[in-house]
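# Structure at a glance
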Amino acid sequence: MKNILQWSPPEGLQGAEVTYTVRYFIYGQKKWLSKSECRNILRTYCNLSAETSDYEHQYYARVKAVWGTNCSKGAQTGRFYPFLETRIGPPEVALTTDKKSISIVLTAPEKWKKDPEESSISMQQIYSNLKYHVSIYNAKANKTWSQCVTNQMLVLSWLEPDTLYCVHVASFVPGPPRLAQPSEKQCVSTLKDPASALK
Amino acid sequence: DGVAVLPAPQNLSVQSTNMKHLLTWSPVVVPGEIIDYSVEYQGEYESLYMSHIWIPSSWCSPTENPECDITDDITATVLYNLRVRATLGSQTSAWSTLKHPFNRNSTILTPPGLEVSNDGFHLVIKLEDLGPQFEFLVAYWRREPGAKEHIKMVRNGGVPVLLETAEPGAAYCVKAQTFVKAIGRHSAFSQAECVKLQGEALSL
Amino acid sequence: GQEFQFGSCRVEGVVLQELWAAFRAVKDVVQAQDNITGVRLLRKEVLQNVSDAESCYLSQALLKFYLDTVFKNYHGKAAEFRILKSFSTLANNFIAITSRLRPSQENEMFSISESARRRFLLFQREFKQLDIEAALTKAFGEVDILLTWMEKFYQ
């Protein structure tokens, strides 16, 4: 739910001193609203996450460019629906290993918040059917398999000792097609097994 | 002015297996000429609310083959009317309409292909990729008298999925059936496939 | 498998992803035609906090309105914008749902059905205040709001 409005400079004015002013509109309401931090700015993006934080609403945004005494018509977005169009970030993945097992603890991604001090809202609270697609790669056997889980704790047991396993996890929400971002691949080795070393 | 001189295609029928729907008809033959065909469809909505409206098929308006994959056109579990006509230059045949409207819930569902393997003590299954409409119900059990059968739902085919962390040295058997949400039906179970895991019991 | 459970009304044989895919293919074209951005037909008062018991009545009323009024009169525009395929997918799946919805007619359900009817009338009144062409375009453009609400009952 981090919603960034982006745009390109007017044709032929790349590099010129153009300033931009952003306004946004809540579908079904009456007035265009402005955001002070995005008035007469030089950059070509504006963070509208706070203004679009009610994800059940739909929004429009408009940008006007000013160059010297010239002022452009407003360029307007389509109707933006955060609940459908936000990308679901990857969960946090914590791995701990043993001789023959790896424990995976997943923490659901958090909704964007303006103030770090604010209490966090988990994306799980917004999408109650949020699931995780866990992929496990056994580097020694060169085999991959996966698992679909809803809970946040997973133990892979009966693994081979002293073996590198790589894990990456993608969150996904069944329903309308939504963009999802898999987590970074994390690799850990299971510990050596003294018993098999003695044999 | 060339209207309805050309004979209309005959013997329209739909063969549907695993939610792939193929409309076929007998070719119209004019020696030395290539005949084009156009296929159109209307769902229950169109036939109820605006029966004059027909929609050109996604892939076969026109086509030269006497068949048409209408899978992408049949996107609801309701009755669909289908019609075909032939065209040769400026000559156009009459429309020929499928005698009985088609509903995708009549599709034939075949047991899915599956590959059972193991990665160490992990029983892994890879099911045939039949497309997004298909889910799979997998049954597996230890190959020993009185063994309990376990059931697992697998959402998509084509990727290896962990079925069970198995006991060392044990043999497991697996069978699967498809389930299609769109029509609320499932296939017969596949043949069971068994795999034996090496190794004797290891201390944890 | 997944099905709609609008309270006691259960509907199988509809894959919501197919409806989403159909609407997503036409969303930009259709919503771009709606210039009355200050009006939202499916407002929060219509769809928020709908009880399970109400949901069968409300979904039937809304879907039948879409079939009998919105789709029926928007068809020409759909042909003009070359979106007949998606239009047909949505309309035929709405037919598949409404043909399987059986809201209870028992007396003790009267107050619930009345509550659902008041919600629907809120929507319909807003619809009727607009010029018919604009209202049809707006209603069709709000199918994503309708599907989002229906998804809450898809289990």
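From a predicted model like this one, the values you see are computed outputs, not experimental measurements.

### Describing the nonpolar core
Membership of the largest hydrophobic core comes to 119 residues, with the highest contact counts inside it found for Ile-104 and Val-134 of chain A together with Tyr-66, Phe-71 and Phe-140 of chain C. The biggest single contributor to this core is helix 3 (residues 52-80) of chain C, with twelve residues. Three or more residues apiece are contributed to this core by two domains, here domain 1 (4-84) and domain 2 (92-198) of chain A. With residues up to four places along the chain from it excluded, the contact list for Phe-71 of chain C reads Tyr-45 and Met-50 of chain B together with Tyr-66, Phe-87, Leu-90, Ala-91, Phe-94 and Phe-140 of chain C.

### Digging into the state of the cysteines
Linking two cysteines covalently via their sulfur atoms produces the bond known as a disulfide. Under the definition given, this model contains five disulfides over all chains. Residue Cys-166 of chain A pairs covalently with Cys-187 of chain A via a disulfide, S to S 2.1 Å. Taking the sign of the S-S torsion, 105° for the link of Cys-166 of chain A and Cys-187 of chain A, the bridge is right-handed. Placement of Cys-166 of chain A in strand 13 (residues 164-172) and of Cys-187 of chain A in strand 14 (residues 186-189) is noted, with a sequence separation of 21 residues between them. The disulfide bridge from Cys-173 of chain B ends at Cys-194 of chain B, spanning 2.0 Å between sulfur atoms. Across the S-S bond linking Cys-173 of chain B and Cys-194 of chain B, the dihedral sits near 105°, which makes this disulfide right-handed. Of this pair, Cys-173 of chain B sits in strand 14 (residues 171-180) while Cys-194 of chain B is found in strand 16 (residues 193-196), placing the two residues 21 residues apart along the sequence. The class of Cys-173 of chain B is buried, set by a relative accessible area of 3%. Given a relative accessible area of 37%, Cys-194 of chain B falls into the partly exposed group.

### Quick notes on the sheet that holds strand 12 (residues 153-156) of chain A
Residues and elements named next belong to chain A. Strand order in this open sheet of three strands is 8-9-12, and the pairing throughout is antiparallel. Looking at strand neighbours, the two that pair on one side only are strand 8 (92-97) and strand 12, the edges of this open sheet. This sheet shows a mean twist of 20° between the axes of neighbouring strands, independent of strand direction. As defined by bridge partners, strand 8 adjoins strand 9 (residues 102-107) across six bridges and the pair is classed as antiparallel. Paired with Leu-95 across the strands is Ile-104, a residue of strand 9.

Basis of the calculations
Residues numbered from 1 in each chain as written. Chains lettered and ligands numbered in written order. Predicted model: local features only at pLDDT ≥ 70, side-chain atom pairs only at ≥ 80, totals over all residues. Heavy atoms only, no water. Core = buried A, V, L, I, M, F, W, Y, C linked by side-chain atoms within 4.5 Å. Buried < 20%, exposed > 50% of the residue type's maximum accessible area, 1.4 Å probe, protein only. Helix = DSSP H or I, 4+ residues; strand = E, 2+ residues; numbered from the N terminus. Domains from an automatic or database assignment. Contact = heavy atoms within 4.5 Å. Disulfide = S-S within 2.5 Å. Pairing = 2+ DSSP bridges. Axes fitted to C-alpha atoms, helices over the stretch in contact; angles between N-to-C directions.

Function cannot be read off these values alone, since they describe shape.
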